[in-house]
Amino acid sequence: MATCRGMDVSAYQGTQDWAALRKSGLVFAFAKATEGQRTVDPKYATHIKGILAAGLVGGSYHFAWPNQDPKAEAAHYIATVRPYAKAGYTHWLDLERYSDGRNYAGRNNAEIRAWAATWIAEVKAAFPGQRVGIYTSGDDIAAGRAPADVPLWYPAYPWGQAPYSRAEAAPQPRPSGRAPLIWQFTSTPVDRSIAYLSEADFRAWAGGTAPHNEEPEMQPTDQIAVPDWAKAAWPKDKGLADGKMQVQTALASGYAHSRKAAEQTTAILAQLGAQAATIDKLVNALGAGGGLTAAEIKAAAEAGAEAALAKLSEALQP
């Protein structure tokens, strides 16, 4: 799967050598812009100017307080980033709960999801044609707090500190079945991410000229549901008992079944061919002297052939 590399920064990170990072293979970088209704990250302007000057795909994020007014927070973010948000700029809502829950206090899951949807709609309206996505955790996704119809930037740190190559070699994470566009795989020593698009495709996506489909690419080891008819057809197969099987197993089973069916079909067609030759010999030998006309003899034999084909059809049913 094609990927490209990125990172994100805030006031906690010092000035970066963005030109050197670009030469090292970095493709995109996002900077924290705002939080709540009034806070502006003190290093936002410095970070974003460097990001854009280096030719990286740039963007910014807003840390959400869903127990405040979403339109006021959106307006605050929009005013802060507007000087930099030119074509190809991307916007992200950082929807994550403080450890003490103070930014989620007094709101249920549905209310938080509605809040996020409102914020995203406001930003989309302010920047037509620009991408607006959401950064959120597996817990928030599982709880239904994150809208499902926007690009996902997903944080999960399975190894602690890790190089880009390790994330690129790992399977794409799928929190609650969703396939993120971007995976933030470590926060040590900086927040590093990979996007599941090539550099060219990611730039096209950021520029609004290429869609991103969240439907994940199916992998050989993925588990898929076994349909009821398959469990009924092979009740003694213990591998189907739990209702799931790997894609590679399903493909192998399908190939084996198709090959067996083809072999059976070839054998029966050969038998039918031999039967047709026998029919012609009987017709010629019996003629009308056996009490049946040639047409009657042939019709009776063909009826037997049809019965054989029907039996073949039943045998091939799953």
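See the structure printed just above.
Novice: What exactly am I supposed to notice about the packing of helix α3 (residues 70-81) against helix α4 (residues 109-126) here?
Specialist: For any two helices packed against each other, the geometry is given by the interaxial angle and the distance between the axes. With their axes 9 Å apart at the nearest point, α3 and α4 run at an angle of 35° to one another. Considering only the axes of α3 and α4, their crossing is right-handed. Where α3 approaches α4, its residues Pro70, Lys71, Glu73, Ala74, Tyr77 and Ile78 are matched on the opposing element by Trp115, Thr118, Trp119, Glu122, Val123 and Ala126. Of the residues belonging to the contact of α3 with α4, the class tally is eight nonpolar, one polar and three charged.

Novice: What should I look at first to understand the pattern of salt bridges in this one?
Specialist: Once their charged atoms are close, side chains differing in charge can pair, the charge on each being opposite to the other. Tallying each qualifying case throughout the model produces six salt bridges. Here Glu199 ties to Arg22 by a salt bridge, and the two come within 2.7 Å at their closest N and O atoms. Of this pair, Glu199 sits in helix α7 (residues 199-206) while Arg22 sits in helix α1 (residues 18-23), and the two are 177 residues apart along the sequence. On the basis of relative accessibility, which here comes to 24%, the residue Arg22 falls in the partly exposed class. A salt bridge links Arg145 to Asp140, with the shortest nitrogen-to-oxygen separation between them at 2.8 Å.

Novice: Teacher, can you tell me more about the nonpolar core here?
Specialist: A general trend in soluble globular proteins is that nonpolar side chains are found buried together. With 46 residues, the main nonpolar core has Trp18 and Trp119 as its most contacted residues. At six residues, α4 tops the list of elements feeding residues into this core. Among residues more than four places away in sequence, those in contact with Trp18 are Met7, Val9, Leu26, Ala29, His47, Gly50, Ile51, Ala54 and Leu56. Listed in part, the 16 residues of the second largest apolar core include Val27, Phe28, Tyr61 and Leu197.

Novice: Honestly, the environment of Tyr154 in this entry has me stumped. Any pointers?
Specialist: By the secondary structure assignment, Tyr154 is in strand β7 (residues 152-155). The class of Tyr154 is buried, set by a relative accessible area of 12%. Considering only alpha carbons, one finds Tyr154 and Ile141, 13 residues apart in sequence, at a separation of 9.6 Å. If sequence neighbours within four positions are ignored, Tyr154 has contacts with Thr136, Ser137, Gly138, Ile141, Pro173, Pro175, Pro180, Ile182, Trp183 and Gln184.

Novice: In this structure, what is going on with α4? I would like to understand it.
Specialist: Count 3.6 residues to each turn of an α-helix, and residues three or four apart come out pointing the same way. Here α4 spans 26 Å end to end across 18 residues, near enough to the 26 Å set by a 1.5 Å rise per residue. Where α4 is concerned, the buried positions are Ile112, Trp115, Ala116, Trp119, Ile120 and Val123. Each buried residue of α4 lies within a common arc of 130° when the element is viewed along its axis, so the set occupies one face. On the buried face of α4, the contacting elements are β4 (57-63), α3, β5 (90-95) and β6 (131-136).

Novice: What should I look at first to understand the side chain of Gln13 in this one?
Specialist: Here Gln13 shows up in the loop between β1 (4-9) and α1. Here Gln13 falls in the buried class, since its relative accessible area comes to 16%. Not counting residues within four places of it along the chain, the set of residues in contact with Gln13 comprises Asp8, Lys43, His47 and Val190.

Novice: Even after reading the chapter, I still don't get the pairing of β6, so can you show me in this structure?
Specialist: A regular strand places its side chains on the two faces of the sheet in alternate fashion. Burial analysis of β6 places six of its six residues in the buried class, the great majority of the element. What you see with β6 is no split at all: Arg131, Gly133 and Tyr135 on one side and Val132, Ile134 and Thr136 on the other are buried throughout. Pairing of β5 with β6 involves six bridges; the strand directions are parallel. By the bridge assignment for β6, His91 is matched with Val132. With α4 bridging β5 and its parallel neighbour β6, the resulting β-α-β unit is right-handed.

Cut-offs applied
Starting afresh in each chain, residues are numbered from 1 along the sequence in its written order. pLDDT decides what is reported in this predicted model: residues at 70 or higher carry local features, side-chain atom pairs at 80 or more are listed and counted, and totals for whole chains, interfaces and linings draw on all residues regardless. Only hydrogens and water are set aside; all other atoms, that is, all heavy atoms of the structure, feed into the side-chain values. Between the N-to-C directions of two axes lies an angle of 0 to 180 degrees, each axis being a line fitted to C-alpha atoms and, for a helix, fitted only over the stretch in contact. Numbered from the N terminus, helices here are DSSP runs of H or I no shorter than four residues, and strands are runs of E no shorter than two. When the near helix sits turned anticlockwise from the far one by under a right angle, the crossing is termed left-handed; a clockwise turn instead gives a right-handed crossing. Note on definitions: a residue-residue contact is assigned when non-hydrogen atoms from the two residues lie within 4.5 Å. For this scheme, ten residues count as nonpolar: Ala, Val, Leu, Ile, Met, Phe, Trp, Tyr, Cys and Pro. Four count as charged, namely Asp, Glu, Lys and Arg, and the remainder, Gly too, count as polar. Salt bridge criterion: a side-chain nitrogen from Lys or Arg within 4 Å of a carboxyl oxygen from Asp or Glu. Any residue under 20% of the maximum accessible area for its type is buried, any over 50% is exposed, and the rest in between are partly exposed; the area is computed with a 1.4 Å probe on protein chains only. Nonpolar core, defined: a set of buried Ala, Val, Leu, Ile, Met, Phe, Trp, Tyr and Cys residues in which side-chain atoms within 4.5 Å join the residues together. Any helix carries an expected span of 1.5 Å times its number of residues minus one. An arc is given here, and it is the one of the directions from the helix axis to the C-beta atoms. Pairs of strands are assigned from DSSP output, requiring at least two bridges between the strands. By the criterion used throughout, a crossover qualifies as right-handed when its path from the first strand across the helix to the second strand runs clockwise, the strands pointing away from the viewer.

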